[in-house]
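Here are the chains, one letter per residue:
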Amino acid sequence: MDQTSLVQHVLELTEAIDHAVQLADWPTAAQLSGRRLPLLTSIRAEQTPAALDMVRRIQTPNERLLQRTRTWNAELRREFGNAMGQAGAAKAYLAGARF
């Protein structure tokens, strides 16, 4: 695969990841990221102007995706903490209700 085709494929994967993150489809986002990572490391520094434009288009969503992911991660952790607290309270109630 030539570098321009490689960068184009990485851009397409980045757009698909962005879409999955917008839908909070984390399994798909993770799967696509796993496919994209080895391709990202294969991109060489020297590129055609068209490929460099695509690289810039890859970088912009990456920053936005990282921020969205951090926000969702924090929210999911809060929800998990709340759910664990509720489960603990339900367990305590059940233990007391037996008497």
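In case you missed it, the structure is sitting above this.
Residues numbered from 1 in each chain as written. Predicted model: local features only at pLDDT ≥ 70, side-chain atom pairs only at ≥ 80, totals over all residues. Heavy atoms only, no water.

A. Examining the packing of helix α2 (residues 26–42) against helix α3 (residues 49–97) more closely. Two elements in contact, α2 and α3, have axes whose closest approach is 14 Å; the angle formed by their N-to-C orientations is 140°. Where α2 crosses over α3, the two elements pack in a sense that is left-handed. Across the interface between the two elements, Trp26, Arg36 and Leu40 of α2 pack against Ile58, Asn62, Thr69, Trp72 and Leu76 of α3. Across the contact of α2 with α3, the residue classes break down as five nonpolar, two polar and one charged. (Axes fitted to C-alpha atoms, helices over the stretch in contact; angles between N-to-C directions. Helix = DSSP H or I, 4+ residues; strand = E, 2+ residues; numbered from the N terminus. Left-handed = near helix turned anticlockwise from the far one by under 90°. Contact = heavy atoms within 4.5 Å. Nonpolar A, V, L, I, M, F, W, Y, C, P; charged D, E, K, R; others polar.)

B. Here's a closer look at the pattern of salt bridges. Within this structure, the stated rule accounts for three salt bridges. Arginine 57 is paired through a salt bridge with glutamate 15; the nearest N and O atoms lie 3.8 Å apart. With arginine 57 in helix α3 and glutamate 15 in helix α1 (residues 3–22), the pair connects residues that are 42 residues apart, well separated along the chain. In this structure arginine 57 comes out as partly exposed when scored by relative accessible area, which is 42%. Of the charged contacts, one joins aspartate 18 and arginine 68 as a salt bridge, the two residues approaching to 2.8 Å between their closest N and O atoms. Of this pair, aspartate 18 sits in helix α1 while arginine 68 is found in helix α3, placing the two residues 50 residues apart along the sequence. (Salt bridge = Lys/Arg side-chain N within 4 Å of Asp/Glu carboxyl O. Buried < 20%, exposed > 50% of the residue type's maximum accessible area, 1.4 Å probe, protein only.)

C. Spotlight on α3. For α3, which comprises 49 residues, the first-to-last C-alpha distance of 71 Å matches the rise-based estimate of 72 Å (1.5 Å per residue) to within 8%. Residues Ala51, Met54, Ile58, Pro61, Asn62 and Leu65 constitute the buried set of α3. Elements that come into contact with the buried residues of α3 comprise α1 and α2. (Expected span 1.5 Å × (residues − 1).)

D. The arrangement of the side chain of glutamine 3 in detail. Tracing the backbone shows glutamine 3 in helix α1. Engagement of the side chain of glutamine 3 in a polar contact is seen with the backbone nitrogen of arginine 44, the distance being 2.9 Å. Those residues in contact with glutamine 3 that sit more than four places away from it in its chain are Ser42, Ile43, Arg44 and Gln47. (Polar contact = N/O pair within 3.5 Å; in protein donor to acceptor, adjacent residues only side chain to side chain.)

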